[in-house]
Amino acid sequence: MAGNSEPLSPRAKLAVTAGRAAAAVSRAAGKGSGSVIGGKVALRFDPDLLARLARHLDVVLVSATNGKTTTTRLLAEALRAGGPVVSNALGANMPAGITSALAGGSDARFGVIEVDEKYLAGVARDVSPKAIALLNLSRDQLDRAAETRMLAEKWREGLAGSEAIIVANADDPLITWAASSSPTVVWVAAGQSWKDDAWSCPSCGGVLQRPGDDWYCGECGFRRPTPTWALSGDHVVDPYGVAWPIQLQLPGRANKSNAAVSAAVAAAFGIDPKVALERMYKVQAVAGRYDVVSFLQRDLRLLLAKNPAGWLETFSLIDGPPTPVILSVNARGADGTDTSWLWDVDYTRLAGHPILVIGDRKMDLAVRLEVANLQFRVCANLDEAVRSAPPGRIEAIANYTAFQDLRRRVGN
Amino acid sequence: MSESSLRLVWVYPDLLSTYGDQGNALVVERRATQRRVPVTRVDVRSDQPVPTSGDIYLIGGGEDRPQRLAAERLRRDGGLNRAVANGAIVFSVCAGYQILGHEFINDLGRPEPGLGLLDVVSTRGEGERCVGDVLADIDPQLGLPPLTGFENHQGITHLGRTARPLARLRVGKGNGTGDGTEGAFNDTVFGTYMHGPVMARNPHIADLLIKLALDVNALPPVDDQWYDALRAERIAAAVQPA
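None of the values given here were measured: they were computed from a predicted structure.

Turning to the overall build of chain A, a few remarks are in order. Broken down by element type, chain A carries 14 helices and 17 strands. Taken over C-alpha atoms, the radius of gyration comes to 21 Å for chain A, in line with the 22 Å a tight globule of 412 residues would show. Dimensions along the principal axes, computed over C-alpha positions, put chain A at roughly 65 × 60 × 40 Å. Buried residues in chain A amount to 58% of all 412 residues.

As structure tokens, this is what we get:
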């Protein structure tokens, strides 16, 4: 195994120690895990620390609008078949959080790193990854995120000539555009339910034609590459045409897609798809997502959906009517303060479910549901919403900070 | 324009629908349907001709590159200009508002000709993006309650002589000119920087467009309780940000 054959320099060791001390202070003060402040302090002592820590590891980076955290978990499980793994499993996905996570894994062979979309090119430069998994790109946090296509353009420039194996979703035109500047790409037909951010050709601006699962630009010829891996129903088909069953505890099509990409990445690290997929089955819930918790004599399933693409995937995995659905939306800093994306979500998919509305922006949701001609009830808080549903399963769908509020209230 | 049905045209959702712009179409549709006015909604992609027989045209917000592409294709197509010449109503938001003017600055930093349907010229601001809740008083001529919206743009729009400001700002940046104006209108052509989307927060604007299209002075009342609750909340938030 790779291990730490080459010990860290005194400066890097000092940086790691200072970072740990800062994290411990932050934890003692009750301010979360301290991983971000720890990483920031460590990087202040040694700006090259991230590169130094990564030098001893076979690193894979995971980035996307949706599914980063879950895919990172699935992939970490799969790679453990080949040796110890260090990972930022809690979703601290900017350079400080990544540095902090890597500093905690001195015996690891593999680094499985979730990276925020905006930082991907920079982190890829710093850590010289062996592989990069690119899942999807769509609108998110309208008030401050860069344009989705601009993000793809930055990836494309940042990854041009990268020595990493890029494992990319061929069904997403923006991902394809971003990845196709790289010399080595493994294309995975991983599917794409949300299509409304890719009607324009990322290359020439022409209107994309999207018959069935295919897509192409009629003007410049940019088109879907031929995939070597494919998600096909409940199976992932490898380059030899062998279909491997995907069995997960995590629900939904999107997670099968995440598993298919993870299997392709694992194969690049020499892990057999059968072994990789069996290990992925172990993943139950990811930072509370998909967890089923008992609360006020009901079983609440906690579902995170941060943007229109995420809501679309979430609607496809919930239990059918008459299972009640709680919707909670906030618009705090981490959520993005522009709520107009609610109008890109097709709430008519919830027809027949009792709908209970909570969260800071419940009035925005109420108008949205009224215009969709749905029956709903606005509640003061989670407790009132849960009590107004009969005992049994409730699906609770929330965006980022609303999800954190839910977890806190139910003690998850 | 027929008496009993409404043709609603949503222009270029493939390019100009970044900020929940479908919401404006959904609110107009819903509020017309609640008045038993049948609606035919036509979504026109940018490789299709813009029909000239619509009653109400909606054109939304988008990013810089799609905005240029939309302007190029709308100029080439000419359908929207012909529809307005026939008396059609146009309601435009943000990037769409700039396209309706004489000129705006495109993603390449160059002046891009618009459609000249509103007497406005847009440039790009140098400072921070204008992001946040807005409150403004709509031109009394339109007889509408205050405008509430969410702005998220970097544009500056100067009004010419034949464009009237849609509203006077109480809170927010609006046209970004520092003269306290927000949006513009002239006869049946309207432009605003307000997202939200704007009709969800100002259903009376949707009603105004429906009345203009049907050529009636009043519409039967509908239940506005959730709109009213949202308006009250957002107006309070604009006046006293959290």
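It is worth spelling out the packing of aromatic side chains at this point. Here the distance between the centres and the angle between the planes together describe a pair of aromatic rings. Applying the stated criterion across every chain, the model contains 11 aromatic pairs over all chains. Relative to A:F315, the ring of A:W311 has its centre 5.9 Å away and its plane inclined at 70°; by these criteria the two rings are edge-to-face. Residue A:W311 and its partner A:F315 are both found in helix 11 (residues 308-315); the two are separated by four residues, about one turn of the helix. Residue A:W311 shares its accessibility class with A:F315, and that shared class is buried. Ring centres of B:Y97 and B:Y193 lie 5.2 Å apart, and the angle between their planes is 75°; this geometry places the pair in the edge-to-face category. Of this pair, B:Y97 sits in helix 4 (residues 95-100) while B:Y193 sits in the loop between strand 13 (189-192) and helix 5 (198-201), and the two are 96 residues apart along the sequence. Three or more aromatic residues joined by ring pairs form one cluster here, namely A:W311, A:F315, A:W341 and A:Y347. Here the basic side chain of A:R156 rests over the ring of A:W177, its NZ or CZ set 3.7 Å away from the ring centre.

Further remarks concern the UniProt feature "active site" (unreviewed entry) in chain A. All names here are of chain A. Within this structure's numbering, the places UniProt gives as "active site" (unreviewed entry) are D338. Examined against the element boundaries, D338 turns out to sit in the loop between strand 14 (325-328) and strand 15 (355-358). In this structure D338 comes out as buried when scored by relative accessible area, which is 2%.

Attention now moves to the domain arrangement of chain A. Residues and elements named next belong to chain A. The domain boundaries assigned to chain A delineate domain 1 (11-46), domain 2 (48-280) and domain 3 (292-410). Centre-to-centre, using C-alpha coordinates, domain 1 lies 29 Å away from domain 2. Across the contact, 11 residues belong to domain 1 and 13 residues belong to domain 2. Summed over both sides, the interface between domain 1 and domain 2 buries roughly 860 Å², with carbon and sulfur atoms accounting for 68% of that surface. Its largest share of buried area at the contact with domain 2, domain 1 owes to S35, L43 and D46, together 46% of the area lost on that side. At the junction of domain 1 with domain 2, the criterion picks out zero salt bridges. Counting across the interface, domain 1 meets domain 2 through zero residue pairs in polar contact (both at pLDDT 80 or more). Elements with a minimum of two residues in the side of domain 1 that touches domain 2: helix 1 (10-28) and helix 2 (35-45). Per-element tally for the side of domain 1 that touches domain 2: the top contributor is helix 2, with six residues. Looking at side-chain class alone, the side of domain 1 that touches domain 2 contains six nonpolar, two polar and three charged residues.

With that settled, consider the pattern of salt bridges. Residue and element names in this part refer to chain A. Per the stated rule, a full pass over the model turns up 38 salt bridges over all chains. For the salt bridge of D171 with R224, the shortest nitrogen-to-oxygen distance reads 2.7 Å. Of this pair, D171 sits in the loop between strand 5 (165-169) and helix 8 (173-179) while R224 sits in the loop between strand 8 (216-217) and strand 9 (229-232), placing them 53 residues apart in sequence. Residue classification places D171 among the buried residues on the basis of a relative accessible area of 10%.

With that out of the way, let us pick up the UniProt feature "binding site: Zn(2+)" (unreviewed entry) in chain A. Those residues carrying the UniProt feature "binding site: Zn(2+)" (unreviewed entry) are A:C201, A:C204, A:C217 and A:C220 in this numbering. These annotated residues cover 20 residues of sequence, and their C-alpha atoms lie no more than 8.5 Å from one another, placing them together at a single site. Along the chain, A:C204 turns up in the loop between strand 6 (185-189) and strand 7 (208-209). Relative accessible area serves as the criterion here: at 30%, A:C204 is assigned to the partly exposed category. For A:C204, the contacting residues outside a window of four places in its chain are A:C217, A:E219, A:C220 and B:R65. Inspection of the secondary structure puts A:C220 in the loop between strand 8 and strand 9. Under the relative-accessibility criterion, A:C220 is labelled partly exposed at 38%.

Turning to the sheet that holds strand 17 (residues 392-398) of chain A, a few remarks are in order. All names here are of chain A. The sheet built from six strands is open, its strands ordered 12-13-17-14-15-16 with mixed pairing. Where the open sheet ends on each side, the last strands, each with one partner, are strand 12 (292-295) and strand 16 (377-378). Helix 11 contacts strand 13 (298-304), strand 14 and strand 17 of the sheet and is inclined by roughly 165° relative to strand 17. The strands touched by helix 14 (residues 400-410) within the sheet are strand 12, strand 13, strand 14, strand 15 and strand 17, with strand 13 carrying the most contacts at an inclination of about 150°.

Counting residues in hydrophobic clusters, the biggest one holds 139 residues, and the most contacted among them are A:L79, A:W311, A:L327, A:Y347 and B:M199. Each of domain 2 (48-280) and domain 3 (292-410) of chain A gives at least three residues to this core. Look past the residues within four positions of A:L79 in its chain and what remains in contact with it is A:V60, A:V85, A:F110, A:V112, A:A266, A:F269 and A:I271. Membership of the second largest hydrophobic core comes to 44 residues, among which are A:I98, A:A103, A:L120 and A:W177.

Let us look at the side chain of A:E117. All names here are of chain A. Secondary-structure assignment places E117 in the loop between strand 3 (110-114) and helix 6 (120-127). There is a polar contact of 3.0 Å between the side chain of E117 and the side chain of K68. Every residue in contact with E117, bar those within four places of it in the chain, is listed here: S63, A64, T65, K68, L137, D140, L151 and W155.

In this section: the confidence of the model for chain A. Taken residue by residue, chain A gives an average pLDDT of 91. The fraction at 70 or more is 95%. Overall, residues 1-5 of chain A carries pLDDT values under 50, and its contacts beyond four positions in sequence, including any with other chains, amount to nine contacts.

Take the interface of chain B and chain A next. Bring the parts together and some accessible area is lost; that lost area is often taken as the interface size. Contacts between the two partners involve 34 residues from chain B, matched on the other side by 35 residues from chain A. Taking both partners together, chain B and chain A bury about 2,900 Å²; carbon and sulfur atoms supply 52% of that area. Contact with chain A buries surface across chain B, with B:R30, B:R65 and B:W226 losing the most and accounting together for 24% of the total. Across the pair B:E233 and A:R361 runs a salt bridge, and its minimum N-O distance is 3.7 Å.

What counts, and at which threshold
- Residues numbered from 1 in each chain as written.
- Chains lettered and ligands numbered in written order.
- Predicted model: local features only at pLDDT ≥ 70, side-chain atom pairs only at ≥ 80, totals over all residues.
- Heavy atoms only, no water.
- Helix = DSSP H or I, 4+ residues; strand = E, 2+ residues; numbered from the N terminus.
- Rg over C-alpha atoms; globule rule 2.2 N^0.38 Å.
- Buried < 20%, exposed > 50% of the residue type's maximum accessible area, 1.4 Å probe, protein only.
- Phe/Tyr/Trp six-rings, centres within 6.5 Å; stacked < 30°, edge-to-face > 60°.
- Lys NZ or Arg CZ within 6 Å of the ring centre and 35° of its normal.
- UniProt positions renumbered as here; feature names shortened; annotations may be inferred.
- Domains from an automatic or database assignment.
- Contact = heavy atoms within 4.5 Å.
- Buried area = accessible area lost by both parts, 1.4 Å probe.
- Salt bridge = Lys/Arg side-chain N within 4 Å of Asp/Glu carboxyl O.
- Polar contact = N/O pair within 3.5 Å; in protein donor to acceptor, adjacent residues only side chain to side chain.
- Nonpolar A, V, L, I, M, F, W, Y, C, P; charged D, E, K, R; others polar.
- Pairing = 2+ DSSP bridges.
- Axes fitted to C-alpha atoms, helices over the stretch in contact; angles between N-to-C directions.
- Core = buried A, V, L, I, M, F, W, Y, C linked by side-chain atoms within 4.5 Å.
- pLDDT = per-residue confidence, 0-100.

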